[in-house]
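Chains, contacts and geometry: an overview
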Amino acid sequence: MPTIPTAALTLQIRDNLAQEYADIYTPEALAALRFMAQFNREQQALMARRNERRAVRIRERRPPCFLDADALIAGTTIKVQDAREGKFVGAVIPHDLQRQWVQGTGPAAKPNAPIAASLRNVAYALLSGADGWMFDGEDALGQITTMSLDNQRSLKLAIARDPLFLQVAQQVAGEMNNWARGFLGRAIIADWQQQLGFTTTIFRARGLHLDDRHLRVNGASLSASIVDLTLYVVHNQQALRAAGASIVLYLPKIQTAEEAAFWNTLLSALESHLQLEAGAIKAYVLVEQLEATFQLMEIRAALGLHFVGFNTGRWDYINSVSDALCWDATFINPNIEAITMTYGYMRHYEDRVRRAVNTPDANGNFALWQGGMEPNIPVGSQQGVASSMERARAGAVREQQEGAS
């Protein structure tokens, strides 16, 4: 689909947000958004094709299936069979993603909260000792009021080590140590400033199915994926690179390799606009859709130098299975609590991901497989924490034994 010249694109910002969030809607960010908005029509066309595919499957009463091995992956020049055989150039895993034994997740903002209160979210995350933290702009972030902008603001201040963030982080570190002395009998943070640099910062953008509520382009809705990607990278790439850290995204709700190829186009275009080297932006793909499990190597190949790994999980995937088979009255899921990662189709799902990351690319590089989010959160009494930690550890051990990173 032909793109629209940037000069012909007009951005409209809702209400008085351009003034209230002048630190986010900076001239550099707006210029990048205008540039990236040229891809908005293709995003809309992709979602139309997604809806049509679903309608056809329901009408013809058939589940998702594999792509034709002799076809090209839509949006690329890569043959499907070549992708399956690893005949493509992928990414080398950067140093700060090579150890990701524990990743935490949560938003970088709180609803209707002052900036300092939202910054506490980021401080807790970066002081947690986790190898990585996926700051969520999607499922865990309420899509209400201006939370998407608050999320961007918190991340910008934290990554830049703004004095306000440092003040909040020092206070949070003291509170964490006070709690730990009473609960564990020892402090858990020796040097809070050094600790801030341990955890890899990762950002999950909103999926291709969502529009941004604050911006329009030539009167039409603007893709939330384009907005989130652009704002996060524009505001933080310099500080991240200066600190020797990678620019890392989680990409949600991808259903096909064609959609992954579109993401690759977005990432490459933004890198070019900001004069970053090709592949500077790295991306995990969350495997949340049944259809995607039939195209894992194709998704990996389509993202090329940007792709670092897959992430598996339960909730969205289970729902996608129900949706994909909604035409089949004989298909009934058991109680969702019974559908653990060792349950029938979940084992197949995990096995496909394992095989995909363990297939080398043309240069002999493999990819990462991050396990699912642990639902047993260790909070409450000492007994409750101990019980939750025991279950969490058992889940982590199982994933490690299955081959997760």
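No experiment lies behind these values; they were computed from the predicted model shown.

**Focus on the overall build of the protein chain**
Looking only at helices and strands, the protein chain has 14 helices and 10 strands in total. Its C-alpha atoms give the protein chain a radius of gyration of 21 Å, within 12% of the compact-globule value 22 Å for 405 residues. Taking the principal axes of its C-alpha atoms as reference, the protein chain extends roughly 60 × 55 × 45 Å. Evaluated residue by residue, the protein chain yields a buried proportion of 51% over its 405 residues. Expressed as a percentage of contacts within the protein chain between residues at least 6 apart in sequence, the contacts between residues at least 24 apart total 77%. Counting every atom, the protein chain has about 18100 Å² of accessible surface; 53% of that belongs to carbon and sulfur. Within the protein chain, one finds 38 positive and 41 negative side-chain charges whose respective centroids are separated by 1 Å.

**Regarding the sheet that holds strand E5 (residues 211-217)**
An order of E1-E5-E6 is seen for the three strands of this open sheet, with the pairing classed as antiparallel. The open sheet has two edge strands with one neighbour each: strand E1 (11-13) and strand E6 (220-223). The average undirected angle you get between the axes of adjacent strands in this sheet is 55 degrees. Where E5 and E6 come together, three bridges link them in antiparallel fashion. By the bridge assignment, Asp-211 is partnered in E6 with Ser-223. Packing of helix H3 (residues 40-60) onto the sheet brings it into contact with E5 and E6, and relative to E6 it is tilted by some 85 degrees.

**A few points about unusual backbone geometry**
Positive phi is not limited to glycine here, since Asn-218 has a value of about 50 degrees. Mapped onto the elements of the fold, Asn-218 is located in the loop between E5 and E6. According to the relative accessible area criterion, Asn-218 is partly exposed, its value standing at 43%.

**As for the packing of aromatic side chains**
Between two aromatic rings, the relevant description is the distance of the centres plus the angle of the planes. One pass over the full model with this rule turns up nine aromatic pairs. For the pair Trp-179 and Phe-183, a centre-to-centre distance of 4.8 Å together with 15 degrees between the ring planes defines the contact as stacked. Of this pair, Trp-179 and Phe-183 both sit in helix H7 (residues 163-183), four residues apart, roughly one helical turn. Classification of Phe-183 by relative accessible area gives buried; the value is 18%. Ring centres of Phe-203 and Tyr-232 lie 4.7 Å apart, and the angle between their planes is 20 degrees; on these two criteria the pair is classed as stacked. With a gap of 29 residues between them, Phe-203 in strand E4 (residues 200-204) and Tyr-232 in helix H9 (residues 224-242) connect regions that are remote in the sequence. For Tyr-232, a relative accessible area of 0% puts it in the buried group. Among the aromatic residues, ring-to-ring pairing joins Tyr-317, Tyr-343, Tyr-345 and Tyr-349 into one connected group.

**Description of helix H5 (residues 115-126)**
If you check H5, its first and last C-alpha atoms are 17 Å apart, about what 12 residues at 1.5 Å a residue would give, namely 16 Å. On its buried side, H5 packs onto strand E3 (132-136), helix H6 (147-159), H7, helix H8 (192-196) and E4.

**Here's the deal with the pairing of strand E8 (residues 281-286)**
Counting buried residues in E8 gives six out of six residues, a clear majority hidden from the surface. Both faces of E8 are covered, namely the face carrying Ile-281, Ala-283 and Val-285 and the face carrying Lys-282, Tyr-284 and Leu-286. Bridge count for strand E7 (residues 247-251) against E8 is five bridges, and the pairing is parallel. Bridging across to E8, Tyr-250 finds its partner in Tyr-284. In terms of handedness, the path from E7 via helix H10 (residues 257-273) over to E8 forms a crossover that is right-handed. In the sheet, E8 pairs with strand E9 (residues 307-311) via four bridges, with the strands oriented parallel. Bridged to Ala-283 within E9 is Phe-307.

**What to know about the environment of Ile-58**
By secondary structure assignment, the location of Ile-58 is in helix H3. With relative accessibility at 30%, the residue Ile-58 sits in the partly exposed group. Between the C-alpha atoms of Ile-58 and Ala-48, which are 10 residues apart in sequence, the distance is 16 Å. Beyond its immediate chain neighbours, meaning those up to four positions away, Ile-58 contacts Cys-326 and Trp-327.

**Focus: the packing of H5 against H7**
Running from amino to carboxyl end, H5 crosses H7 at an angle of 60 degrees, the nearest separation of the two axes being 9 Å. With respect to their mutual orientation, H5 and H7 come out oblique. The crossing of H5 and H7 is right-handed. Counted together, Ile-115, Ala-116, Leu-119, Arg-120, Val-122, Ala-123, Tyr-124 and Leu-126 of H5 and Leu-164, Phe-165, Val-168, Ala-169, Gln-171, Val-172, Glu-175 and Met-176 of H7 form the full contact between these two elements.

**Description of a nonpolar patch on the surface**
The grouping of Trp-179, Leu-184 and Ile-188 at the surface amounts to a nonpolar patch, some 280 Å² of accessible area in total. Looking at Trp-179, the relative accessible area reads 46%, which means it is partly exposed.

**Let's talk about the sheet that holds strand E2 (residues 103-106)**
The sheet built from seven strands is open, its strands ordered E2-E3-E4-E7-E8-E9-E10 with parallel pairing. Edge positions in the sheet fall to E2 and strand E10 (368-370), since each has one partner strand and no second. Taken pair by pair, the neighbouring strands of this sheet meet at an average axis angle of 25 degrees, ignoring direction. Lying on the sheet, H6 is in contact with E3 and E4; it crosses E4 at an angle near 165 degrees.

Rules used throughout
Residues numbered from 1 in each chain as written. Predicted model: local features only at pLDDT ≥ 70, side-chain atom pairs only at ≥ 80, totals over all residues. Heavy atoms only, no water. Helix = DSSP H or I, 4+ residues; strand = E, 2+ residues; numbered from the N terminus. Rg over C-alpha atoms; globule rule 2.2 N^0.38 Å. Buried < 20%, exposed > 50% of the residue type's maximum accessible area, 1.4 Å probe, protein only. Contact = heavy atoms within 4.5 Å. Areas by Shrake-Rupley, 256 points an atom, 1.4 Å probe, with all protein chains shown as cover. Lys, Arg positive; Asp, Glu negative; His and termini not counted. Charge placed at Lys NZ, Arg CZ, Asp CG, Glu CD. Pairing = 2+ DSSP bridges. Axes fitted to C-alpha atoms, helices over the stretch in contact; angles between N-to-C directions. Phe/Tyr/Trp six-rings, centres within 6.5 Å; stacked < 30°, edge-to-face > 60°. Expected span 1.5 Å × (residues − 1). Right-handed = clockwise from strand over helix to strand, strands pointing away. Parallel < 35°, antiparallel > 145°, perpendicular 65-115°, else oblique. Left-handed = near helix turned anticlockwise from the far one by under 90°. Patch = residues over 30% accessible without salt bridge, like charges linked within 9 Å, V, L, I, M, F, W, Y side chains within 5 Å. Salt bridge = Lys/Arg side-chain N within 4 Å of Asp/Glu carboxyl O.

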